[in-house]
Amino acid sequence: MLVRIRACGLCGSDLNAWRGVPGIEYPMPAGAPGHETWGEVVGLGDHVSHPRVDETVTGLLWNGFAEFGVARAENLVVVPTAFRTAPVLGEPLACAMNVLRRSGLVAGGRLAIVGFGYLAALLVQLLPTGCDWVAISRRQDSRQLALRLGAQAAYGFDNVPSDAWDSFAVVIEAAGVQQALDYATWLVAYGGRLVIAGYHADGPRTVNMQSWNWKGIDVINAHERQPSVYVDALRNAFDQLGERPLDLTLLHTHSFDLDHVNEAFGLAESRPAGFVKALVHP
Ligand SMILES: [Zn+2]
């Protein structure tokens, strides 16, 4: 399927390619590493009949920093009409839905989220009803965002109240840094579930095995590599949201055209106050 890209989000995981960490090979394929794509179908291969030309689609398409991208038809989802007013980035939405599924959270659950960026901000909009949650984040504007999205409380790493330790049945680590793993370990209750949603791709981490072991926790690595699971999660996310639109106005904070994609990367790296996500528009 040939897709005219209308927007592609810049993901924190894209930064390693821009930084040039060891293990990344260049040149990357055209349009990489853009994978948070949104666009419309402009052409179909032989034997492909769905979605139709002109449909708005999102999902798994890996060359999104480009005017056009090619994807397998089964990896894209037609965006429901209620969600077409502004770009909805399917890949991170599916990722948030997968994390939620792996967390085992049910209505009325209680959780802590360590690291509050784009993924966490999507995830809290998908929570089952009546969940109470707190956010722990280094950045003040992230804490404010969490409170606006319904957090009971939001703490910096240096002012988490001591009665929060060992008190959360579910803790979602969503920062991808060592410190967040450590805090998530401290916060999770005995017999609780520590869900690692952060992207820890820039090197090894140290975990407190003694604490994990003693507390008898379940540790879940919530990344998903199976395209079909992603696509199912994306459909489920749209179904679950129904007519209730996502609040993305607080999240899609910056826009760039494709010629200025380097500035978008620079901003995602420096993360100035108020920055959540940059969208690149060809
Ligand atoms: Zn991503």
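Predicted model, so just to flag it, every value in this text is computed and none were measured.

1. Here we look at the domain arrangement of the protein
Then, in step 1: Entries for the protein in the domain assignment read domain 1 (2–88 + 248–281) and domain 2 (92–221).
Then, in step 2: Distance from the C-alpha centre of domain 1 to the C-alpha centre of domain 2: 26 Å.
Then, in step 3: Listed per partner, the contact involves 14 residues of domain 1 and 12 residues of domain 2.
Then, in step 4: For the side of domain 1 that touches domain 2, the per-class residue count stands at seven nonpolar, five polar and two charged.

2. A short note on the nonpolar core
Then, in step 1: By size, the foremost hydrophobic cluster in this structure holds 81 residues, and its most contacted members are Ala112, Ile113, Val114 and Val171.
Then, in step 2: The element contributing the most residues to this core is helix H2 (residues 90–103), with seven residues.
Then, in step 3: Residues from two domains meet in this core; each of domain 1 (2–88 + 248–281) and domain 2 (92–221) gives at least three.
Then, in step 4: Apart from residues lying up to four places away in sequence, valine 114 is in contact with Ile136, Val171, Glu173, Ala174, Ala175, Ala180, Tyr183, Ala184 and Leu187.

3. With respect to the pairing of strand E6 (residues 110–114)
Then, in step 1: With four of five residues buried, E6 is to be regarded as a mostly interior element.
Then, in step 2: Summarising the sheet, E6 and strand E7 (residues 132–136) pair through five bridges and their orientation is parallel. Following the sheet pairing, alanine 112 is matched in E7 by valine 134.
Then, in step 3: Handedness of the β-α-β unit built from E6, helix H3 (residues 118–123) and E7 comes out right-handed.
Then, in step 4: Both E6 and strand E9 (residues 168–173) contribute to a ladder of four bridges, which runs parallel. What sits directly across from alanine 112, in E9, is valine 171.

How each quantity is defined
- Residues numbered from 1 in each chain as written.
- Predicted model: local features only at pLDDT ≥ 70, side-chain atom pairs only at ≥ 80, totals over all residues.
- Domains from an automatic or database assignment.
- Contact = placed C-beta atoms within 7 Å.
- Nonpolar A, V, L, I, M, F, W, Y, C, P; charged D, E, K, R; others polar.
- Core = buried A, V, L, I, M, F, W, Y, C linked by C-beta atoms within 7 Å.
- Buried ≥ 20, exposed ≤ 12 C-beta atoms within 10 Å, placed from the backbone.
- Helix = DSSP H or I, 4+ residues; strand = E, 2+ residues; numbered from the N terminus.
- Pairing = 2+ DSSP bridges.
- Right-handed = clockwise from strand over helix to strand, strands pointing away.

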